[in-house]
Amino acid sequence: MDVKEIIAKGDLVYEKTKVLTDKEMHYCPGCTHGTVHKAIAEVIEEMGIQEKTIGISPVGCSVFAYEYLHIDWQQAAHGRAPALATATKRLMPEKYVFTYQGDGDIASIGCAEAIHACNRGENILMIFINNGIYGMTGGQMAPTTLDGMKTATSPTGRTVEQNGYTLDLTKMIAPLPGVCYVARHSADTAAATRKLKRALKKGFENSMKNKGTSFVEVISTCNSGWKMSPVAANEWMRENMFPVFPLGTIKDE
Amino acid sequence: MAKVKGAVVVDIEKCKGCGICIDDCPTDTLAFERAVNGKGYHYAYMKAPELCIGCSNCAISCPDTVITVYRVKPERKKTS
Ligand SMILES: Cc1ncc(C[n+]2csc(CCOP(=O)(O)OP(=O)(O)O)c2C)c(N)n1
Ligand code: SF4
Ligand code: SF4
Ligand code: SF4
Ligand SMILES: [Mg+2]
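As a starting point, this report considers the structure included with it. This is a predicted model, so every value here is computed, not measured. (Residues numbered from 1 in each chain as written. Chains lettered and ligands numbered in written order. Predicted model: local features only at pLDDT ≥ 70, side-chain atom pairs only at ≥ 80, totals over all residues. Heavy atoms only, no water.)

Things to note about the site of ligand 2
Move 1: With respect to spatial proximity, the complete set of residues near ligand 2 consists of A:Y27, A:C28, A:C31, A:H33, A:C61, A:N131, A:G135, A:C222, A:N223 and A:S224.
Move 2: Residue composition of the shell around ligand 2, grouped by class: 5 nonpolar, 5 polar and no charged. (Near = heavy atom within 4 Å. Nonpolar A, V, L, I, M, F, W, Y, C, P; charged D, E, K, R; others polar.)

Here it is in structure tokens:
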């Protein structure tokens with residue numbers, strides 16, 4: 001059976017979800033943002049909650065996330081997505097509300113908003129795309145940048161003396177009583193993305209059970225900022241980021 | 001044993017030539033095409049179509065979701 005025949009006679013086993021728009025994403029080739037958008041869109045489709053979901057997009061490369069998913073959105077000032085999500089969920093408790101934030105957004109400029117939303121136990125899902133760098137503005141050091149990592153603002157490598165320790169925000173918020181679910185995943189392979197989807201589903205479900213805040217970190221790449229090919233960036237991430245930010249479920253109550 | 005047969009369709013003009021699908025394919029079906037698309041990227045194509053098992057790994061890991069996957073289940077062999 002040749003390719004044409006398989007396409008004509010075979011079963012369609014995978015196609016792009018209708019929750020994703022037809023707009024071409026502006027992301028660099030191989031950027032993790034695209035894969036995570038797809039994972040969120042597929043979970044929304046599988047749960048049948050497209051009409052009931054409101055996303056809050058950040059400032060950062062994913063500022064235009066609202067262009068790519070056919071759901072309701074708001075776009076927050078840098079780091080303020082958890083505050084906007086708080087208001088949105090409190091005004092419309094029947095909606096599934098999530099934030100989508102980069103590491104610069106959530107762990108640096110919006111660190112206070114993130115921690116206090118978690119501490120108040122807002123019934124939202126927070127999705128944290130950790131690529132260890134400020135991607136959008138040209139690859140500056142973030143709190144999540146690894147020790148020794150070279151960035152535009154640490155050209156000889158980050159040092160503890162100069163810049164302190166790599167911040168593990170996910171581990172910091174996990175003990176807070178307002179937080180019900182904390183997990184760390186990646187989206188570098190189909191297997192990893194399938195696991196990520198299960199975590200996102202759990203987070204969405206929790207947000208309707210009034211259990212508190214769910215927090216899902218995605219260890220990601222910024223191949224442009226890291227100055228590597230997309231495949232090399234994935235390899236670098238597995239080798240260097242996974243030991244510092246181990247994947248798995250950290251809290252599930 | 002008859003193998004599951006798969007085939008993928010890459011939306012050539014939307015492919016960004018990142019190579020993530022090629023890396024994530026368990027059967028080494030995919031490769032970069034020598035030709036480039038309108039964006040100037042060497043897009044992904046089925047270099048060894050006979051190897052594809054229709055597992056959808058490539059389509060799930062493609063950041064731009066430009067791959068569609070088809071599959072034909074093997075016909076049951078009659079036991080003699
Ligand atoms: C109040 C404010 N300060 C600074 C900026 C500049 N700025 C835009 S994006 C960004 C960093 C984004 O990094 P991150 O959140 O990690 O997202 P990424 O692009 O890596 O996905 C900064 C500092 C801004 N837009 N607004
Ligand atoms: S700069 Fe980095 S985070 Fe931004 S789109 Fe490119 S690869 Fe993605
Ligand atoms: S469907 Fe599976 S086997 Fe076929 S090309 Fe994609 S990853 Fe490879
Ligand atoms: S993962 Fe998608 S965009 Fe990247 S090379 Fe494959 S088909 Fe093209
Ligand atoms: Mg970042």
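Details of the coordination of the magnesium ion (ligand 5)
Move 1: Distances from the magnesium ion (ligand 5) to its protein donors, namely A:D103 (OD), A:N131 (OD1) and A:I133 (O), fall within the range 2.1 to 2.2 Å.
Move 2: When its relative accessible area of 2% is taken as the criterion, A:D103 is described as buried. (Donors = N, O, S within 2.8 Å, 3.2 Å for Na, K, Ca; no water. Buried < 20%, exposed > 50% of the residue type's maximum accessible area, 1.4 Å probe, protein only.)

Here we look at the packing of aromatic side chains
Residues and elements named next belong to chain A.
Move 1: Per the counting criterion, the structure on display carries 7 aromatic pairs over all chains.
Move 2: Between Y96 and F204 the ring centres are 6.2 Å apart and the planes differ by 75°, which places this aromatic pair in the edge-to-face class. Taken as a pair, Y96 in strand β4 (residues 96-102) and F204 in helix α8 (residues 190-208) lie far apart in primary sequence, 108 residues in all. Accessibility classification places Y96 together with F204 in one group, the buried group.
Move 3: Considering the side-chain rings of F128 and F215, the 6.0 Å spacing of their centres and the 70° angle between planes classify their relative orientation as edge-to-face. With F128 in strand β5 (residues 125-130) and F215 in strand β7 (residues 213-219), the pair connects residues that are 87 residues apart, well separated along the chain.
Move 4: The exposure class of F128 is buried, given its relative accessible area of 1%.
Move 5: Looking at F215, the relative accessible area reads 0%, which means it is buried.
Move 6: Through a chain of ring-to-ring contacts, the aromatic side chains of W73, Y96, F98 and F204 assemble into a single cluster. (Phe/Tyr/Trp six-rings, centres within 6.5 Å; stacked < 30°, edge-to-face > 60°. Helix = DSSP H or I, 4+ residues; strand = E, 2+ residues; numbered from the N terminus.)

Some thoughts on the site of ligand 1
Residue and element names in this part refer to chain A.
Move 1: For ligand 1, the set of nearby residues contains 16 residues, the closest of which are H33, D103, G104, D105 and G135.
Move 2: Between H33 and ligand 1, the recorded distance is 2.8 Å, taken from a side-chain N or O atom to an oxygen atom.
Move 3: N131 has a polar side-chain atom sitting 3.1 Å from an oxygen atom of ligand 1.
Move 4: When isolated, ligand 1 has an accessible area of 600 Å², and the protein chains bury 72% of it.
Move 5: Across the shell around ligand 1, the residue classes break down as 6 nonpolar, 8 polar and 2 charged. (Polar contact = N/O pair within 3.5 Å; in protein donor to acceptor, adjacent residues only side chain to side chain. Areas by Shrake-Rupley, 256 points an atom, 1.4 Å probe, with all protein chains shown as cover.)

Focus: the packing of helix α2 (residues 32-47) of chain A against α8(A)
All names here are of chain A.
Move 1: Running from amino to carboxyl end, α2 crosses α8 at an angle of 55°, the nearest separation of the two axes being 9 Å. Here α8 runs oblique to α2, going by the angle between their axes. The two elements α2 and α8 cross, and the hand of that crossing is right-handed. Note on element contacts: α8 touches α2 through T193, L196, K197, L200, K201, F204 and E205, opposite T35, V36, A39, I40, E42, V43, I44, E46 and M47. (Axes fitted to C-alpha atoms, helices over the stretch in contact; angles between N-to-C directions. Parallel < 35°, antiparallel > 145°, perpendicular 65-115°, else oblique. Left-handed = near helix turned anticlockwise from the far one by under 90°. Contact = heavy atoms within 4.5 Å.)

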